[in-house]
Amino acid sequence: MKFGSLEVKIYIRIYFLFFYRKAVARTTMDDVTGAQLIAEALKVQNVEYMFGIVGVPVIEVAMAAQAAGIKYVGMRNEQAACYAASAIGYLTGRPGACLVVSGPGLIHALGGMANANVNCWPVVVIGGSSDRNQETTGAFQEFPQVEACRLYSKFSARPSSLDAIPAVIEKAVRTSIYGRPGACYVDISGDMVNDKVARDKVRVVSCCPPPPVGLADPSAITEALSALKASERPLIIIGKGAAYGRAEKAVRQLVEDTGIPFLPTPMGKGVLPDDHPNCVAASRSRALLQADVVVLLGARLNWILHFGLPPRFDPNVKVIQVDLCAEEMGNNVRPAAALLGDINAVVTQLLEGVHRDGWRYPSDTTWWSTLKEKMAANAKMTTALATQSTMPMNYYQVFHHISQMLPQDCIVVSEGANTMDIGRTMLHNYLPRHRLDAGTFGTMGVGLGFAIAAAVLESGHGAGRQRVVCVEGDSAFGFSGMEVETMCRYKLPVVIIVVNNNGIYSGVDPDTWKEMSKMGDLTTIAPPVTLLPEARYDEVMRAFGGRGFLVRTAEELRSALEASLSDWDTPSLINVLIDPASDRKQQEFPWLTRSNL
């Protein structure tokens, strides 16, 4: 059936009349429903985006949010919705809201909450729950939601009454962004959604201010500067905390005024451009191994940085740690100087000391020569892999062509094993908060949710918006693949590139798969890492009205990418079939593999 504009308007009108007015039918100017209170409280706290899946009992909350001016994005899985809402928190500094139904709906969102908490990204999850008068009776989807969420969040509560909703929402938002950012949960029972309260009985709560800015102890600043000036092989490590803290201007000045080489962590990429002359990412292992003083800016000495321990680090390395969380200080390695405070403010303090003393690290040291030598050798090896003309293509060939064509201001979302790891080195970032990946928790399935969040943000930038490119392994894509329908529904022009090697880490070619199929039960024969060879992920995108491309050659890849980047109205998926045996080049110290300490 084809609808004209008049029919569409009538349909939308009936929709709101039937559903939303059902919730507020008896509401007067003097009273307000629980759904309205939630929506209005979120809006007061400058929460501008909500992602979720509606159903009983929260559909009226989504409608009230739209009526309050909040943008609502309906997703296909609560986990992806929570990933998207948390990405909004990272990209804007203000949490996104994730709306879920009771029981299984909330449980699905717990993965997103855990990821946000470990990643230190603010998000507020609002979950419907069974009616209060049905608790302990075996109500529909009854589950101890407040208690369960305490394991995955900084704050978890249910308002005791309707008039308490604004205060609880304010505390959830404030807690999510103050101190170490993270996830917060607010529970709303089904009977509270449509219950009413007199508006003059509701406590007026204003918007919480931005987090207070803390400065490091001046004596710690002196200790840090003394260690730096005595260093022979200094290194600055820029973490995603520097990106989240909007510290790019101060960090750039610190790097350029001191002349110290720097290494970005995966989501620290772009705080300074990857092509900055002081960037030594192409000599990562050597930089970490031989540095005698490390300035840690908003990064943690966890598995991503090999815990700061030998054999990846010098056993006598001195760490100058800058972090806003006191509990993080001294984790795994005791710092030579612990600079507790807002990263932008603390870096400014360091700069004041550097300028006062007139100190600068020389550019003609053996340390710089060592790093440049290793960078040149690694670049030569990568270039050799990238410029091969073999068929099927390998990872390096694919990323070589992608890197040549992506706009410098595009937002790169990446996940997968080899896909994410190789992409980290070959896909450069030039702006802060323009790379999103599996993060500290190593979570697969985050890519499409992150991409949707970034694209929704960019959709409001008009002619100044930037492309969102999501580079996925075929396994990683499968976790949230149905979210391509979300992209098509909201006309989000995300470009998805699936680097398809037929498996997890590695797969098999179609001929081998065919032979295995003849041998008997595949559940006992097929290697656990294998996926269906040459799966047509491009057809999945086409099924929902997007653009799909099947790619085998470099020429086809470049043509598909050019067509996708030029289309600002339609999402695209480029399915790049590569050699199933393709692997990354040999690593001295693998960083996304098990640590052998």
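Analysis parameters
- Residues numbered from 1 in each chain as written.
- Predicted model: local features only at pLDDT ≥ 70, side-chain atom pairs only at ≥ 80, totals over all residues.
- Heavy atoms only, no water.
- Helix = DSSP H or I, 4+ residues; strand = E, 2+ residues; numbered from the N terminus.
- Rg over C-alpha atoms; globule rule 2.2 N^0.38 Å.
- Buried < 20%, exposed > 50% of the residue type's maximum accessible area, 1.4 Å probe, protein only.
- Contact = heavy atoms within 4.5 Å.
- Areas by Shrake-Rupley, 256 points an atom, 1.4 Å probe, with all protein chains shown as cover.
- Lys, Arg positive; Asp, Glu negative; His and termini not counted.
- Charge placed at Lys NZ, Arg CZ, Asp CG, Glu CD.
- Pairing = 2+ DSSP bridges.
- Right-handed = clockwise from strand over helix to strand, strands pointing away.
- Axes fitted to C-alpha atoms, helices over the stretch in contact; angles between N-to-C directions.
- Core = buried A, V, L, I, M, F, W, Y, C linked by side-chain atoms within 4.5 Å.
- pLDDT = per-residue confidence, 0-100.
- Salt bridge = Lys/Arg side-chain N within 4 Å of Asp/Glu carboxyl O.

**Quick look at the overall build of the protein**
Each helix and strand in the protein was counted, giving 23 helices and 21 strands. For a compact globule of 597 residues, the expected C-alpha radius of gyration is about 25 Å, and the protein comes in at 26 Å, within 12% of that figure. Expressed as lengths along the three principal axes of its C-alpha atoms, the size of the protein is roughly 80 × 70 × 50 Å. Buried residues in the protein amount to 57% of all 597 residues. If you take every contact in the protein between residues at least 6 apart in sequence, the share linking residues at least 24 apart comes to 77%. About 24,900 Å² of surface is accessible on the protein, with carbon and sulfur atoms providing 55% of the total. Side-chain charges in the protein split into 56 positive and 59 negative, and the spacing between the mean points of these groups amounts to 2 Å.

**Observations concerning the side chain of S572**
Relative to the helices and strands, S572 resides in strand β21 (residues 572-577). Setting aside its immediate chain neighbours within four residues, S572 contacts V494, V495, I496, M541, R547, F549 and S564.

**Re the pairing of strand β3 (residues 71-74)**
When a strand is regular, its side chains alternate between the sheet's two faces. Of the pairings in the sheet, the one linking strand β2 (residues 49-52) to β3 comprises four bridges and is parallel in character. Each residue of the ladder has a partner; that of Y49, found in β3, is K71. What joins β2 to β3 is helix α3 (residues 59-67), and the crossover it makes is right-handed.

**Here we look at helix α16 (residues 418-426)**
When you tally the buried positions in α16, you get eight out of nine residues, the bulk of the element. Looking only at α16, the buried set comprises N418, T419, M420, D421, I422, G423, R424 and M426.

**As for the sheet that holds strand β6 (residues 155-157)**
The sheet built from six strands is open, its strands ordered β3-β2-β4-β5-β7-β6 with parallel pairing. With partners counted over all chains shown, the strands left at the sheet margins are β3 and β6, one partner each. Pairs of neighbouring strands in the sheet enclose a mean axial angle of 20°, with direction left out of account. Pairing of β6 with strand β7 (residues 183-189) involves three bridges; the strand directions are parallel. From the neighbouring strand, S156 faces β7, where its bridge partner is Y185. Where helix α7 (residues 165-177) meets the sheet, its contacts fall on β5 (123-129), β6 and β7, and the angle it forms with β7 comes to roughly 160°.

**A look at the sheet that holds strand β16 (residues 468-473)**
Hydrogen bonds between backbone atoms are what pair the strands of a sheet, whose relative direction is either parallel or antiparallel. A sheet is described by the order of its strands in space; here six strands give the open sequence β15-β14-β16-β17-β21-β20, paired in parallel fashion. Either end of the sheet is taken by a strand with one partner, and the two such strands are β15 (435-436) and β20 (547-551). Along the sheet face, α16 touches β14 (411-415), β15, β16 and β17 (495-500) and points at about 145° away from the line of β14. Against the sheet, helix α23 (residues 554-566) touches β16, β17, β20 and β21, its axis set at about 165° to β20.

**A word on the nonpolar core**
F51, L339 and I496 are the most contacted members of the largest nonpolar core, which has 150 residues in total. Looking at which element gives the most residues to this core, the answer is helix α4 (residues 78-92), with ten residues. The contacts of L339, once residues within four sequence positions are left out, are A216, A220, I221, A224, I320, Q321, V322, D323, M329, V346 and L350. V469, V471, V551 and I574 belong to the second-largest nonpolar core, a separate cluster that totals 29 residues.

**Topic: the confidence of the model for the protein**
Across the protein, the average pLDDT comes to 93, with 93% of residues at 70 or higher. Under a pLDDT of 50 for its full length, residues 591-597 has, in the predicted model, 21 contacts with residues more than four places off or in other chains.

**Brief notes about the pattern of salt bridges**
Per the stated rule, a full pass over the model turns up 24 salt bridges. With its nearest N and O atoms 2.8 Å apart, the salt bridge here joins K43 to E48. On the accessibility criterion, E48 (31% relative accessible area) is partly exposed. R547 is the partner of D567 in a salt bridge, and the nearest nitrogen-oxygen pair spans 3.4 Å. Of the two residues, D567 sits in the loop between α23 and β21 while R547 sits in strand β20, which places them 20 residues apart along the sequence.

**A few points about the pairing of β17**
With six of its six residues buried, β17 lies for the most part within the structure. Burial of β17 is two-sided: the residues V495, I497 and V499 facing one way and the residues I496, V498 and N500 facing the other way are all buried. As judged from the five bridges shared by β16 and β17, these two strands associate in the parallel manner. The residue of β17 that forms the bridge with V469 is V495. Strand direction decides the pairing type here: β17 and β21, joined by six bridges, are parallel. Residue pairing in the sheet places V498 in a bridge with N575 of β21.

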